[in-house]
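So the chains spell out like this:
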Amino acid sequence: MAKVNDLRSAIEYLKTIPGQFVETDVEVDPEAELSGVYRYVGAGGTVRRPTRVDGPAMLFKNIKGHPGASVVIGMMASRERVARLFGCGKEELGHLVQKCAAAPIDPIVSDEPAPVQEIVHRAEDEDFDLFRLIPAPTNTPYDAGPYITLGMCYATHPDTGLSDVTIHRMCIQSKDELSIFLQPGSRHIGAMAERATELGQPLPISVSIGVDPAISVTSCFEPPTTPLGFNELSIAGALRGEPVRLVKCISVDECAIANAEYVIEGEILPGSNNVIEDQNSHTGFAMPEFPGYNGPASRECWLLRVKAVTHRRNPIMQTCIGPSEEHVNMAGIPTEASILGMIDKALPGKVVNCCAHRSGGGKYLAVLQCRKTVHTDEGKQRQAALLAFSAFPELKHVILVDEDVDIFDTDDVLWAMNTRFQGDRDIITIPGVRCHPLDPSSNPAYTDSIRDTGISTKTIFDCTVPFDLREHFERAPFLEVDPAKWVPELFE
Ligand code: MN
């Protein structure tokens, strides 16, 4: 595998693999049209059908209104592609990233000239205008505005001096203002903005766009695997076997990713969390979110006042469609790693693998492949499900299957549900637990058990064979052969 350490080397590598990358010179409008095209090329995930599952990544080289810039989408919109970019098999991603989270390599700040600072625009320049500088697409005609969907937000806690990287949705609101959505009372950068507000200070922040996919995926780790103060860039460092290189920002006291395509530098203003996200469009919507529905516009976004934009020559803007397979992989692979890490501590050897399934956007549904070898393993599969809910609080559904089921093959998982599951004894529900607010059924109007938006019934579907009945559940065996003897072209 060629060395991948930034977006451009990742693109060059994908170009060498048939079926993983396409590009076009045909002009495209970043306003809704670009996403409209990619929906048919490779979005997948929970995107409204028809869409193409496991299609290629796509580079648009002729962006209406943005001469010299291009936009890439779908870099991580296939599990196979992410596995290639990480140099492992697609079944191994959760385990690999979990190992990296357990042996992190901290980023370093470098004094060398940074590629991302080749071109510099300062907010005080007369012609400074984010709408013109950043070819940020809208996903649909109903979006609140142009969105930065893959911005690596990097900030430092005012008390501890510890840094964090997290992806948040940001909408361009004016020539030097972004709205940034930080879930109230949670997550990493949000806690820093809240603390800076208590101190009456702005929070310096950098937003790096167009980076190594190793950074995009590992930035999506959440507590408890990466509590406040755990810099997720150190997981990307472990994945590449060398530290992520940072550069000092030119306008604020913060660092950014040195080999990004774009960096937006600025400050989150204290107490500014009353920005109306759709103040320009008045559509009521933000953008399509990972569950596949249009997310509501927030009335409590924070204001990010931009001080500078730096970028490479002929920069490549990177974007994703909210409900696409790209979200599934970015959210789901860290989810798998978190679940595997926790179960491995509590029940070593009892769960072979985990799949954060695409139908839940990588967050709502996990399939656990369980191993039962002695009679005392019976029931541990349900304990494993409880641990999975603890490892990733936004998880709603867990499907438990045995070792002989391919958890990455939905047909096989549903086969287990059809032949190893009885609804009256194998469904376990835990009502009234806080999950994720973007699930539209997570609403008090839906059922009495939901007291507030974002509360759900966590459910375990136990499709494993009861250990004492296992002799009745052996799958029909076949003669083992080498099929390449008959059709070598299929088994190269
Ligand atoms: Mn984070």
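Residues numbered from 1 in each chain as written. Predicted model: local features only at pLDDT ≥ 70, side-chain atom pairs only at ≥ 80, totals over all residues. Heavy atoms only, no water.

**Let's talk about the layout of surface pockets**
Counted only if it meets this: With a 1 Å grid laid over protein atoms only, a set of points is called a cavity when a 1.4 Å probe fits there but cannot get out and a pocket when it is open yet has protein on both sides within 12 Å along at least five of seven lines; lining residues have an atom within 4 Å of a point. Grid points are joined across faces, edges and corners, and a volume is the space filled by probe spheres set on the points. A run of H or I in DSSP counts as a helix once it spans at least four residues, and a run of E counts as a strand once it spans at least two, with each numbered from the N terminus. Here the term charged refers only to Asp, Glu, Lys and Arg, the term nonpolar to Ala, Val, Leu, Ile, Met, Phe, Trp, Tyr, Cys and Pro, and the term polar to all other amino acids, Gly among them. Note that domain bounds follow an automatic or database assignment of domains.
Of the pockets and cavities examined, the largest pocket occupies roughly 1300 Å³. Elements supplying a minimum of two residues to the lining of the largest pocket: β16 (294-296) and α9 (325-346). In terms of residue class, the lining of the largest pocket is built from 20 nonpolar, 13 polar and 10 charged. Among the domains, domain 1 (93-320) and domain 2 (347-468) are the pair contributing at least three residues each to the lining of the largest pocket. For the second largest pocket, the lining is made up of 17 residues, of which Val47, Arg48, Asn139, Thr140 and Pro288 are closest to its centre. At three residues, helix α2 (residues 33-41) tops the list of elements feeding residues into the lining of the second largest pocket.

**Concerning the domain arrangement of the chain**
Think of interface size as the accessible area that goes away when the parts come together; that is how it is often given. Test applied: Two residues form a contact once any of their heavy atoms are found within 4.5 Å. Throughout, the accessible surface (probe 1.4 Å) given up by two parts as they are put together, summed over both, is called the buried area. Here a salt bridge means any side-chain nitrogen of Lys or Arg lying within 4 Å of a carboxyl oxygen belonging to Asp or Glu. Polar contact is the term for a pair of N or O atoms within 3.5 Å; when the atoms are in protein, one must be able to donate a hydrogen and the other to accept it, and sequence-neighboring residues count only if both atoms are side-chain atoms.
For the chain, the assigned domains are domain 1 (93-320) and domain 2 (347-468). Computed over C-alpha atoms only, the centres of domain 1 and domain 2 are separated by 32 Å. At the junction of the two partners, domain 1 supplies 10 residues and domain 2 supplies 15 residues. Both sides together, the interface formed by domain 1 and domain 2 hides about 910 Å², and carbon and sulfur atoms give 64% of it. It is His95, Glu222 and Phe290 that lose the most area in domain 1 upon contact with domain 2, and together they represent 51% of the buried surface on that side. Run the count over domain 1 and domain 2 and you get one salt bridge. Between Glu222 and Lys363 there is a salt bridge; the shortest N-O distance is 3.2 Å. The tally of links between domain 1 and domain 2 comes to two residue pairs in polar contact (both at pLDDT 80 or more). For the side of domain 1 that touches domain 2, a count of residues per class yields six nonpolar, two polar and two charged.

**Things to note about the packing of aromatic side chains**
To keep things clear, this is the line we draw: For Phe, Tyr and Trp, rings pair up if their centres lie within 6.5 Å, where Trp contributes its six-membered ring, and each pair is then called stacked (planes under 30 degrees apart), edge-to-face (over 60) or tilted (otherwise). Each residue is assigned to one of three classes by its accessible area relative to the maximum for its type, calculated with a 1.4 Å probe on protein chains only: buried under 20%, partly exposed between the two thresholds, exposed over 50%.
Counting across every chain of the model gives two aromatic pairs. Ring geometry for Phe290 versus Tyr364: centroids 5.1 Å apart, planes at 50°, classification tilted. A residue pair is termed long-range when its members are at least 10 positions apart, and Phe290 in the loop between β15 (285-288) and β16 and Tyr364 in the loop between β19 (351-356) and β20 (365-370) qualify at 74 residues. The same class applies to Phe290 and to Tyr364, which are both buried. Geometrically, the ring pair formed by Phe421 and Phe461 is tilted, given 6.4 Å between the ring centres and 40° between the ring planes. Of this pair, Phe421 sits in the loop between α11 (410-419) and α12 (423-426) while Phe461 sits in strand β23 (residues 455-462), and the two are 40 residues apart along the sequence.

**Details of the environment of Met417**
Tracing the backbone shows Met417 in helix α11. Overall, Met417 belongs to the partly exposed group, its relative accessible area being 23%. When neighbours within four sequence positions are excluded, Met417 is seen to be in contact with Ile399, Phe461 and Cys463.

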